[in-house]
Amino acid sequence: MSINLVKYKKNLFFISSIALMLLTGMFFGLAQAVYVPIFHLDGAFQTASGLFRIKDGLFPGKDFYPYLGIGLNWFMYPIFYILGANFSASVATSNFVVCLTSTYSIAVASYLLTNGRNKNVVAIFSATLALSYFIIFYPDVYGLLLERFSPGNSLRPLRSFLPYLLVSFWILIDRCDISYARKSIFVSVLVGLSVLWSNDYGLVSGFLLAIFLLIKAISDNEFSVKLFVICFATSIVTACLAYYVVTLGHPVNLFNYNFFSVRLDQYWYFGGWSESARILSFSDFFDKLLLDLGQRLLVMIAVFFFALIRKKFSLFLLSYIGFAEYAGGLVASLGGHLGYMAAFVFWYKILKFSFIFILAFWVFRFALRQLALDGFLRYVHNSKIKIAICSVLLINLNVLFYQAYQYHKVLNEAKDSKSFFYVHELGGFLPITWRSYISVIRHSSTISVVEEYWGLWSAIRNLHPPVPVDSVIHALGDVRNMFASKVAALPDVVITTAKTSSENWQPWNLSANWWFYKPILLNYIPDKMSPMTIVWHRSGNKKWPEVMCRVGHDAHGDYVSLDNSSVGYYEIGINYKFEPTSSRTLLLAQNNIVYVGDAQGFLSLDPRATHAEYPAAILSNGLTRFYFKLTTKYDKLSALNIDSCFAKRIVFSFPDVLPYPPRVGSSKLE
């Protein structure tokens, strides 16, 4: 039996191209993991913490709460395990997965935009160009592309990848030779499974997928109440069953954390805190999330209605991606602060550049005709697939060899360098300045440790936090009390971030998490340091002297005053009642310590609480009043009633925690 090579040449092309891009992405990920991240607040540690827990047989919901969502951890875990299941493997995995999923997103959008038989070729060609540009010019690439192809601090590109993934499965389902009702039921299963992905894009992507499924059924004259009920029930049952299975029967714990603890706390807790960074009213929503994105939203709506009118299923799916990306950014912006629309802008840019490419192609054809080069035009037209295939394979091969060379170059430089040393527990290289710290970690197997952020100590010792989250900044809601009890139990060692490693974020962290730092300052002394962290050991319990505190009001507003106090650091405690008319109003207390971003010396307090304790600094003698202000469109400070206050002088001197004398920080973001 003869083999028809023509029949299989495209399949061979697709398999070869995908394999080459996968290898290129893998070498890119490995190159990023040669040098181990050392910034203690780096998102690489957040990602690794969840992967390490799964490796040791722990399950989300039952044993820990992944802050970004369940699906991301399980999506990355197989690659992480294959690469060695150490910290460098986690870094390589996150870079590899984000790079490839963003490349795939471009391929999906290009596929949906293309008519005719050669949609797959166009998709591969588009993905090849995007990946090649990123690899060759990294890190000096177009800003949005760099953001979309890099993990960042919280895997935003991977979180927003879900709509492209759901569309891919919907296309496969639509191609199946089964009834319309069965196709709808299978898509409903996707709706249910989507809730597992991430807290922001999971729910909205699933909900919108259900809405688009309903719209398609109505448009195709296939809608019936019976089918609607079956699909709705399928989605709900799938979501509940999936949540129950992946949490080993503990879905309520994770649900409470994600949709109560995180939702209620992250809005006031994380910055920015200024009016320009928030959606405080409908006018803000109209100006910042509608008008500012007006052209992009109009394109999205136009694609949607054009797809409905012309019965274009591909464009219908493309518009779904746009709506899902916008909705995901909208949820994050309303639940926190502005700055989450990159995925939607990325979707729009793909459409924009595709249109420019198509326009350029038509201009090229027109120019050839005007120059009477019809023969060449016919040759290009007849051979365009062959040209595209050869170009793609040639480009992918060259980019693969280039990235493989870059990886081996970086690896050999690290091996030959006297400024770095290899840490076998981590699978990567650290600066030589960390050698003594790594030695301390290796000889500390019998002590109990609590880290402010899950970091190098835990990665080397393969330890997990004593609480279900990876850091103090994720100890939100009830988990905060759980974390505080672990610190109150006085473990042998506590590890915190050094101020010199993060001049502006560390003061915010200390102020916002005073419940964590206060018992450390009272019961521990700084013992050892790494270039980025401080190791604290237990000492005798200290007591801070009380100072007079009174509540007052003047032309600038309400304040607490530490009369007759001198330059230094103080703990302030207030009993208050805050009753704003808008739930979006932020309550800010002046402490002269927090200057990151738009804080300007103010710390955001829990507007629902009635008691708060936080550190504050008197910067010069005589300036002893600490005021309050609101970030609001509707409320006045009269909504705040401070019943009483107390204060103590913080007797502590260590420049990497609280430098003396206190000084005004800068607003530079690190």
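Please refer to the structure higher up on the page.
Residues numbered from 1 in each chain as written. Predicted model: local features only at pLDDT ≥ 70, side-chain atom pairs only at ≥ 80, totals over all residues. Heavy atoms only, no water.

Caption draft 1: Structural detail: the packing of helix 20 (residues 478-488) against helix 22 (residues 514-523). As a packed pair, helix 20 and helix 22 sit with axes 10 Å apart at the nearest point and diverge in direction by 5°. Between helix 20 and helix 22, the crossing angle belongs to the class labelled roughly parallel. Within the contact between the two elements, helix 20 uses Arg480, Phe483, Ala484 and Val487 and helix 22 uses Trp515, Phe516, Pro519 and Ile520. Residue composition of the contact of helix 20 with helix 22, grouped by class: 7 nonpolar, no polar and 1 charged. (Axes fitted to C-alpha atoms, helices over the stretch in contact; angles between N-to-C directions. Helix = DSSP H or I, 4+ residues; strand = E, 2+ residues; numbered from the N terminus. Parallel < 35°, antiparallel > 145°, perpendicular 65-115°, else oblique. Contact = heavy atoms within 4.5 Å. Nonpolar A, V, L, I, M, F, W, Y, C, P; charged D, E, K, R; others polar.)

Caption draft 2: Region of the structure containing the pairing of strand 12 (residues 602-605). Residues Phe602 and Ser604 of strand 12 are buried on one face, and the alternating residues Leu603 and Leu605, pointing to the opposite face, are buried as well. Direction of pairing for strand 11 (residues 586-590) relative to strand 12: antiparallel, over a ladder of 4 bridges. From the neighbouring strand, glutamine 590 faces strand 12, where its bridge partner is phenylalanine 602. (Buried < 20%, exposed > 50% of the residue type's maximum accessible area, 1.4 Å probe, protein only. Pairing = 2+ DSSP bridges.)

Caption draft 3: The sheet that holds strand 14 (residues 625-631), seen in detail. The strand order across the open sheet built from 5 strands is 8-9-14-11-12, with neighbouring strands paired in antiparallel fashion. Here the strands that pair on one side only, and so sit at the sheet edges, are strand 8 (550-554) and strand 12. Across the sheet, the mean angle separating the axes of adjacent strands is 30° when strand polarity is ignored.

Caption draft 4: Region of interest: the sheet that holds strand 15 (residues 640-649). Spatial ordering of the open sheet is given by 7-15-10-13, a layout of 4 strands whose pairing is antiparallel. Across the chains shown, the open sheet's two edge strands, defined by having one partner strand only, are strand 7 (546-547) and strand 13 (611-618). As defined by bridge partners, strand 10 (residues 568-578) adjoins strand 15 across 9 bridges and the pair is classed as antiparallel. Bridge pairing links lysine 577 to asparagine 641 in strand 15. On top of the sheet, helix 22 reaches strand 10 and strand 13; it is set at about 65° to strand 13, its chief contact.

Caption draft 5: Looking closely at a nonpolar patch on the surface. A contiguous nonpolar patch, built from Ile218, Phe223, Val225, Phe228, Val229, Phe232 and Ile236 and spanning about 690 Å² of accessible area, is present on the exposed surface. When residues of the nonpolar patch are assigned to their parent elements, the largest contribution, 5 residues, is made by helix 11 (residues 225-246). Structurally, valine 229 is set in helix 11. Judged by its relative accessible area of 47%, valine 229 is partly exposed. (Patch = residues over 30% accessible without salt bridge, like charges linked within 9 Å, V, L, I, M, F, W, Y side chains within 5 Å. Areas by Shrake-Rupley, 256 points an atom, 1.4 Å probe, with all protein chains shown as cover. Salt bridge = Lys/Arg side-chain N within 4 Å of Asp/Glu carboxyl O.)

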